[in-house]
Each structure stands twice: as structure tokens, then as C-alpha cells.
Amino acid sequence: MKERNTGNTVVVVDGGGRGATLVDKYAQSKHVERIIAVPGNDLMKINTDKPVQIYPQLKTTSIPEILEICEREGVDLVDVAQDNAVEAGLVDALTARGVPTVGPTKDAGQIEWDKAWSREFGERHGIPQPFFIICLNQQEGFSFIQSQPDQPWFIKASRLAEGKGALPAKNNEEAVERIKEMERFKEAGKVFLIEKWLRGDDGSAGEEFSTYVFSDGRNYKVIGNAQDHKRVNNFDEGENTGGMGCSTPPLVLTPELMRDVEVGVINRAINGLHAEGRPYRGVLYLGGMAIRKNGSLSPSVIEFNARWGDPEVQVVLPGLINDLFEVSMALAQGDISSLQLQMDNKARVVVTGASKGYPGDYKEVRGKQIYGLDEARKIDGVRLYGAGIKEEDGRHYASGGRLFYIVGEGETVIDARRKTYGAMSVVSIDGNNLHFRTDIGWRDVQRLRKGL
Ligand code: AMP
Ligand code: GLY
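Worth saying up front: this structure is predicted, and the values here are computed from it rather than measured.

J.: So what's going on with the packing of helix H1 (residues 17–27) against helix H11 (residues 324–332)? Residues and values would help.
T.: With their axes 8 Å apart at the nearest point, H1 and H11 run at an angle of 105° to one another. Considering their axes alone, H1 and H11 lie roughly perpendicular with respect to each other. Together, Leu22, Lys25 and Tyr26 of H1 and Leu324, Phe325 and Ser328 of H11 make up the contact between the two elements. For the contact of H1 with H11, the class distribution of residues is four nonpolar, one polar and one charged.

J.: Residues and numbers for the packing of helix H13 (residues 413–424) against helix H14 (residues 442–450), please.
T.: Close contact between H13 and H14 brings their axes to 9 Å; oriented N to C, the two are set at 130°. The pairing of H13 with H14 is recorded here as oblique in orientation. For the crossing formed where H13 meets H14, the hand is left-handed. On H14, the residues that touch Val413, Ile414 and Arg417 of H13 are Trp442, Val445, Leu448 and Arg449. Its residues assigned to classes, the contact of H13 with H14 comprises five nonpolar, no polar and two charged.

J.: Break down the site of ligand 2 for me, with residues and values.
T.: Around ligand 2, a shell composed of Asp228, Lys230, Gly242, Tyr285, Asn305, Arg307, Gly309, Asp310, Pro311 and Glu312 is seen. A distance of 3.0 Å is found between an oxygen atom of ligand 2 and a side-chain nitrogen or oxygen belonging to arginine 307. Separating a nitrogen atom of ligand 2 from a side-chain N or O atom of glutamate 312 is a distance of 2.9 Å. Against a free-state accessible area of 200 Å², the protein chains account for coverage of 89% of ligand 2.

J.: Summarise the site of ligand 1; cite the residues concerned and give the values.
T.: Near ligand 1 you find 14 residues, and of these Lys156, Glu195, Leu198, Glu208 and Glu303 are the closest. At a separation of 3.0 Å, a nitrogen atom of ligand 1 approaches a polar backbone atom of lysine 196. Within the complex, the protein chains bury 92% of what would otherwise be the 480 Å² of accessible surface of ligand 1. Among the secondary structure elements, those contributing two or more residues to the shell around ligand 1 are strand E7 (153–157), strand E9 (192–196) and strand E16 (296–305).

About the cut-offs
Within any chain, residue numbers begin from 1 and follow the written order of that chain's sequence. The lettering of chains begins at A and the numbering of ligands begins at 1, in the order of writing. Only residues with pLDDT of 70 or above have their local features reported here, since the model is predicted, and side-chain atom pairs are shown and tallied only from 80 upward, although totals for entire chains, interfaces and linings are computed over all residues. Think of the side-chain values as coming from all heavy atoms in the structure, minus any hydrogens and water. Every axis corresponds to a line fitted to the C-alpha atoms, with the helix fit spanning only the stretch in contact, and the corresponding angles, defined between N-to-C directions, vary from 0 to 180 degrees. Starting at the N terminus, helices and strands are each numbered in turn, a helix being any DSSP run of H or I of at least four residues and a strand any DSSP run of E of at least two. We call two directions roughly parallel when the angle between them is under 35 degrees, roughly antiparallel when it is over 145, roughly perpendicular when it lies between 65 and 115, and oblique otherwise. Note on definitions: a residue-residue contact is assigned when non-hydrogen atoms from the two residues lie within 4.5 Å. When residues are grouped by polarity, Ala, Val, Leu, Ile, Met, Phe, Trp, Tyr, Cys and Pro land in nonpolar, Asp, Glu, Lys and Arg in charged, and all others, Gly among them, in polar. With the far helix as reference, a near helix turned anticlockwise by less than a right angle produces a left-handed crossing, and one turned clockwise produces a right-handed crossing. Near, as used in this document, describes a residue that has one of its heavy atoms within 4 Å of the molecule or strand being considered. Whenever two N or O atoms come within 3.5 Å, that pair is a polar contact, provided that in protein one can donate a hydrogen and the other can accept it, and provided that, for residues adjacent in sequence, both atoms are side-chain atoms. Computed by Shrake-Rupley with a 1.4 Å probe, the accessible areas treat only the displayed protein chains as cover when residues are assessed.

Next up, the structure:
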């Protein structure tokens, strides 16, 4: 069998830090000779001596071009890591051509790309989630809110909106404003959801976590968990972003809570998708919230995603000891029942390096030079993954909002965090234009310090 030999070519479909992490892990495989990233980015090659080719002129949804690359380059495996590509049906197109592919079909991926469908699916399968209603137009939303006692809500565009489609509303008055704002998401916000803001039965706020599993459609294996920090500023203040940093393992996930996550959520989701004729193959990402009920914590679903999280993958995937090519081939062939996942169980903390102004306007930062990245990545126990960066003659320049990610590892989140911030302190951008949070992992650092 070819996959047991060396000399394989893998395509990773993603352009950011998530793709960079996958490229790094595939490059560590003894079976892989070279990697192609679509569109990729300029820093994808930094962690390996193996050839990495990027296609910056393509999109993750450039289906005919990706099929052509597979044929021309004799590609052995494609990892479809990005949500728009799943929604566009890239996995279906590759599979129809007989290309071994990791990632869910468009139908299975509907669990992410159609929030209304996903919540109804959750309801059909008894998956714990907040109360929701689906609105087909603004008037329906206004009438519903009018009929309700004053309380906090989330208003969410049903379709993909670059992770920005969920708007919090502190009360009914704000909810009406947020409903009006759905227009700005165009087609993605035509259908929208109104959800109750999840809280414990004692009124306490929930604590978020995310869980990652590999599934072949019938079986699943838990890879690991992470805790993201979505707000742009310290103390969880400011706008929501795609993620300013994560830590693993999240200590909120006690063995008891993890059992409820598996039995009450993951198992029901995988079995439910199978029963509905949409077997889920690939990485399933549960965005969960631990809320207090009758005195103990129980999980509720914020969302499912049909891919790795970014930057969660940067802390979870490096802990995988198995050869990723072997795991992915088993997924692509639809049977992971005999796979034994091994993790190194280290703690990891990733911090997102962003352009000042992100997630709003950061155009002033575009083209400015970034210093210290090579120095940072050479520190022992540190890994660097690039995203919105251009490289020219060995120099680095900002080209996006999310620029790079620094990952530190250690025995505990406290050790890992020290590594990460040590490396972060040697990086800067012309004109003091680097923004990053300095409190990533704070919940668990506090727990560890208090001995909880
Ligand atoms: P999403 O885009 O669905 O991931 O939502 C973005 C963020 O909003 C999540 O990470 C949560 O912090 C928060 N969120 C979304 N829905 C709810 C909800 N029903 N209750 C409480 N928080 C929520
Ligand atoms: N970090 C959140 C996401 O990847 O959706």
C-alpha cells in the first residue's frame, strides 16, 4: 500500500494558522515527502525542511483548480480544513474523483454552515443547547422579542459570516437593534436565530470550552480540549474575534463533565448524523459551555464546527503522538475503529499576534515590518505559526488582521504560558502596531495558583 511508504504528497486547504499547524504536523510524518497548501501563506514552510508549495492566488473554494492540482501533482491525500470549502462541497468533489480526503461532506458539514439546521438537528437528537427560535424575517424577530420578558439574548446569522455572525444583546431593547443589524450579513443573515443567553440555574455565567474528535462516521475518538479567549482585549473585553489565544487542557473539564460531553453531546451528534444519512468524517469541533445545574456543571452546545478551531488547533494537534498521515488515511478510508490515539498530555498556550485595530480597521498596519519572529521561534519549547504575513528577502511584513501565533509548551498552563509570553516579548511591529492579549489562560492560572 502506498501510504505505508514514503513519498506521499498531501494538500492542506487553508490559508491561516490552522493550515500552518496542519502543514507542520504532516511534515513530521514519515510517509509524507511534500506538502501543498491552498492558498497557504508565506510562513508555512518555516517549521520543516520538506518542500511546501503554496497557491496564494487560489481560494479554499477554488474547486476546479484544486481538482486539477490533485491530478497534475499525483496527490495522495487532501485535508479540507476550512469552513467555506466544506460548504462549497470540496470534499464531495474530491471524493467523487477518488482522492482520499479528510473532512466532512457538504451535507455532514451543514452542522456548522447552517446554524438553524444545526439547532433543529440538536433538538431532534436530545442534545443540550439553549432555547432558540428561527426567524425568516425581521418582523418575526420583533414580534417574538415583544412577547418575552426583558432578558439577555444572542442574535445569530444562520449561515457562515466569518465567525462574526453572533451578536450579544443585554436586554430586549438591544435585541431589537441586533435583529436590524442582521441585514449587514446579507444572504448569511436572511435567516437568523434568537437564542437565550446561557446561564446556570443559579444565574451564574457559563464557562466555555471546546472539544475535538476524529470521526469516521460511526466511531469517534476524542483528541483533546481547549479554552479560547474570543474577545479582543484583556479581561474578556471588547469585540468578539476569531480567537486571541487558547490554552489546553482546560481544567473546567473534569472527568465527570467530560463524560457528559461524550455521552450527551458527541455520541448523539455522531450517531444522529449517521442515522440521518450524513455520516460525519473528519474533525468535529464542539464549542461548548459548562453551566451550573442543580449544583453541578453540565455541558450545553454553543455551536458545532466542521473543522479544527483556529487557534485551538495550535495547542491541541501538537500533542498528538500518532503519525497524522496514518490517522488521516484511516479517516479518509472510513474506519478508525482500530486506531489508538496517543497524546503527550503537555499543557500548551497559544497567543494570537494581531495588527493594532483588529478586528476593526487595521489598514494602517498593512505593509509594516514585523521584527523578532525568527528569534522567537528558535526558543526551546516554542512554535511559531504564520497567518497574515508576507515574507520578502527574509523580512516579515503585516498583511492581515491575524498575523501569527506563538505556542509555548510545559507541564502546566503556568509553565506553558511563561514560554509563550517569553517568546512574544521579542516580537514587535514598526510603530508599536502589535496587539495581543496578555492574560491568555487566566482562568486556569488562577485555579492552579489557588490550588483548585
Ligand atoms: P459563535 O459565533 O456562535 O461561536 O458565538 C460567539 C460567542 O458568543 C461564543 O463563543 C460565546 O461566547 C457566545 N455565545 C454564543 N451563543 C451563546 C448563548 N446562547 N449563550 C451564551 N453565550 C453565547
Ligand atoms: N477559534 C474559533 C474558531 O475557530 O471558530
